[in-house]
Amino acid sequence: MLSVRNLHVNLNGKQILHGVDLDVTDGESLVIVGCSGTGKSVLLKSILGLVPKQRGTVIIQGIDLDHATKDERHKALSCIGMLFQGGALFDSLTIWENVAFGLIYGQGMDPGAAQEIAFEKMQQVDLERRTAFLYPASLSGGMRKRVGLARALASQPKIIFFDEPTTGLDPITSNIVNDLIVRSVKYSEIGAITITHDLGSLRQIADKVAFLCNGKIIWTGSVEGLDNTENPYVRQFVDAKTVGPLTDKRN
Amino acid sequence: MFAKKTRIFCANREIKCYNPHNSVDFSGKTLNALAYIGHSTLDFCASCGKYVIFLYNTILHGVRPPYYWKQIFTQLRDVGFYSLPVIGLTAFFTGAVLALQSYTGFSRFSAESALPMLVVLCITRELGPVIAGLMFAGRVGATMAAEIGTMKVTEQIDALSTLSTCCYRYLYLPRILAGLVTLPILVFIFDIIGVLGGFLVSVFQLDFNASQYIKMTEQFVQAEDVISGLVKSAFFGISTALTGCFKGATSSGGSAGVGRATMNAVVMSSITILLLNYILTTIIFSK
């Protein structure tokens, strides 16, 4: 469904990604973990074309983005939904307008029909109907994440990217968001790539884990494999040790 | 004296210098100054290039459907209608002060009767478009840069792309169209209120005859004077909106970056207005 090969990204003269390979299939949830500043968010953005890649191949739903026509590229990219770290909700629009945005402006749907879908998706992420006419500024962090999730789901994507979905949330709200992700992703048979530092969240939502270090995926495996691995980098990260190869490399 | 290869740092960037003649004495200060000029020139050229590409992309995406009419009308309201109070007040006091100051000057050589002519020509030809343009740059250019800059740093513009919406069509084009359409209208209103301000001061403070003042104003003002100001203001409107959008879209570095982008948008728009005013005045009135 999504295949990335040898992805290199260079930003302002700094090499961020050094040949990343990854695959996500239908109904599979891949979680990418790694220290801050290793290029996790850049990886997602470069797949979406928001950050230019230096070289490498991105294939979405069988369409190679480098060799696709404009329409094919648009079709491939519209298969992807994304939940941004801060929600990235549009401040000037109400909650239902945010949720229905992609339907109205991206797909040209009638606003009345889009509103119905927006209400349905809001219900799916446990948002009450009365919040529909509020503005994002009046919502808590957890609610903003839910609206972001509802917005990402509204366009019925085949793959969803979650950029640190539980960062800045209390443990209870984190659990609620994780549940929503599992419900939305696993039961809808759509692929997902999640970036997180939260190992609790990882254990809840991951089918497959990839460890990104200095712009390279240095380990992949299952959640159980993560606990049993002898890889010193992953071991240090999982055990949250202050001394080890990750900190040595950074120093 | 430098060795053959010298490491010099300027504005936190290393500049690789190569001196083929060891005997030539370059002082560090001279090289640093030259490097600074070189970098500034390159940065300026790069910014100009990005600005032109931004304009090109806006036009390229703007001419193709879908057109976001709701966004266009919202911008026409926000940019045009909500600018009326500030433009109206500025116009009234500009006209009033112009009449007062001109009267003082003209009375020194008994030419007070030329006052209505001076007020109407100054306002329609120059003060209307330029002062309204500068007020517009301060109010609208800053708003656009701050709004789009905030959207950029909070990933809202990235979110637009992931929702299959072109930011050129949805964000920039409605603003640029609003600048193009509303500033000439605002300048026309400025002209009327400005002339009215001059008239009220002349009649009630400087004891001019009202009917004579109106007659002289009508006699001297020509359609060309008003139209030239409106044409200039259309260019000012486009350049202000384009600069506000460009500065916002290229901002980075959190709230401080948005602040810098907003300031740069106002400064750049104001300078562009003054420069364009000179160029357009030369072209329009050279006939």
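What counts, and where the lines are drawn
- Residues numbered from 1 in each chain as written.
- Chains lettered and ligands numbered in written order.
- Predicted model: local features only at pLDDT ≥ 70, side-chain atom pairs only at ≥ 80, totals over all residues.
- Heavy atoms only, no water.
- Helix = DSSP H or I, 4+ residues; strand = E, 2+ residues; numbered from the N terminus.
- Rg over C-alpha atoms; globule rule 2.2 N^0.38 Å.
- Buried < 20%, exposed > 50% of the residue type's maximum accessible area, 1.4 Å probe, protein only.
- Contact = heavy atoms within 4.5 Å.
- Areas by Shrake-Rupley, 256 points an atom, 1.4 Å probe, with all protein chains shown as cover.
- Lys, Arg positive; Asp, Glu negative; His and termini not counted.
- Charge placed at Lys NZ, Arg CZ, Asp CG, Glu CD.
- Patch = residues over 30% accessible without salt bridge, like charges linked within 9 Å, V, L, I, M, F, W, Y side chains within 5 Å.
- Salt bridge = Lys/Arg side-chain N within 4 Å of Asp/Glu carboxyl O.
- Axes fitted to C-alpha atoms, helices over the stretch in contact; angles between N-to-C directions.
- Parallel < 35°, antiparallel > 145°, perpendicular 65-115°, else oblique.
- Left-handed = near helix turned anticlockwise from the far one by under 90°.
- Nonpolar A, V, L, I, M, F, W, Y, C, P; charged D, E, K, R; others polar.
- Buried area = accessible area lost by both parts, 1.4 Å probe.
- Polar contact = N/O pair within 3.5 Å; in protein donor to acceptor, adjacent residues only side chain to side chain.

Trainee: Just to check I follow, could you spell out the overall build of chain A for this structure?
Mentor: Counting its regular elements, chain A contains 10 helices and 10 strands. At 18 Å, chain A has a C-alpha radius of gyration in line with the 18 Å of a compact globule built from 251 residues. Across its three principal directions, the C-alpha atoms of chain A cover 55 × 45 × 35 Å. For chain A, the proportion of its 251 residues judged to be buried stands at 53%. Restricting to contacts in chain A with at least 6 residues of sequence separation, those with at least 24 account for 62%. Carbon and sulfur atoms provide 50% of the accessible area of chain A, an area that totals close to 10900 Å². Taking the average place of the 26 positive charges on the side chains of chain A and the average place of its 27 negative ones, the gap between the two points comes to 5 Å.

Trainee: Looking at this model, I keep getting lost on the overall build of chain B. Mind explaining?
Mentor: Scanning chain B from N- to C-terminus turns up 9 helices and 2 strands. Along chain B, from the amino end to the carboxyl end, the secondary structure elements read β-β-α-α-α-α-α-α-α-α-α. The globule rule puts the C-alpha radius of gyration for 287 residues at 19 Å, and the 25 Å found for chain B is more than 25% above it. Expressed along its principal axes, the backbone C-alpha trace of chain B runs to roughly 80 × 55 × 35 Å. Counting only residues that meet the buried cut, chain B has 45% of its 287 residues in that class. Contacts in chain B between residues far apart in sequence, at least 24 positions, make up 78% of those at least 6 positions apart. Accessible area for chain B stands at about 14800 Å²; split by element, carbon and sulfur atoms hold 69% of it. Averaging the locations of the 21 positively and 14 negatively charged side chains of chain B gives two centres separated by 12 Å.

Trainee: Could you clarify how one ought to interpret a nonpolar patch on the surface in this entry?
Mentor: A surface patch of nonpolar side chains, amounting to about 290 Å² of accessible area, comprises Leu177(B), Leu180(B), Val181(B) and Ile185(B). By secondary structure assignment, the location of Val181(B) is in helix α6 (residues 167-204).

Trainee: Just to check I follow, could you spell out the packing of helix α4 (residues 111-124) of chain A against helix α5 (residues 141-154) of chain A for this structure?
Mentor: Residue and element names in this part refer to chain A. Put simply, α4 and α5 touch, their axes get as near as 9 Å, and they point 130 degrees apart. As summarised for this structure, α4 and α5 are arranged oblique, according to the angle between their axes. For α4 against α5, the interelement crossing comes out right-handed. Between α4 and α5, the residues in contact are Ile-117, Lys-121, Met-122 and Gln-124 and Ala-150, Leu-153 and Ala-154, respectively. In the contact of α4 with α5, the residues fall into 5 nonpolar, 1 polar and 1 charged.

Trainee: What am I meant to see in the interface of chain B and chain A here?
Mentor: In many reports, interface size means the accessible area that the parts give up when they come together. With 17 residues of chain B in contact, the opposing surface of chain A contributes 23 residues. If you sort the residues of chain B by the area they bury against chain A, Glu155(B), Thr162(B) and Leu163(B) come out on top, with a joint share of 35%. Where chain B meets chain A, there are 3 salt bridges. Our count for the contact surface shared by chain B and chain A stands at 4 residue pairs in polar contact (both at pLDDT 80 or more). For the side of chain B that touches chain A, the secondary-structure elements that each account for two or more residues are α2 (69-80) and α5 (156-162) of chain B.

Trainee: Explain the pattern of salt bridges here, please?
Mentor: When charged atoms on two side chains of opposite charge get close, those side chains can pair. Counted according to the given criterion, the structure contains 14 salt bridges over all chains. Linking Asp78(B) and Arg77(B) is a salt bridge whose minimum nitrogen-to-oxygen distance equals 3.0 Å. Its relative accessible area of 25% is what places Asp78(B) among the partly exposed residues. Three or more residues joined by partner-sharing salt bridges are found here, namely Lys45(A), Glu155(B) and Asp158(B).

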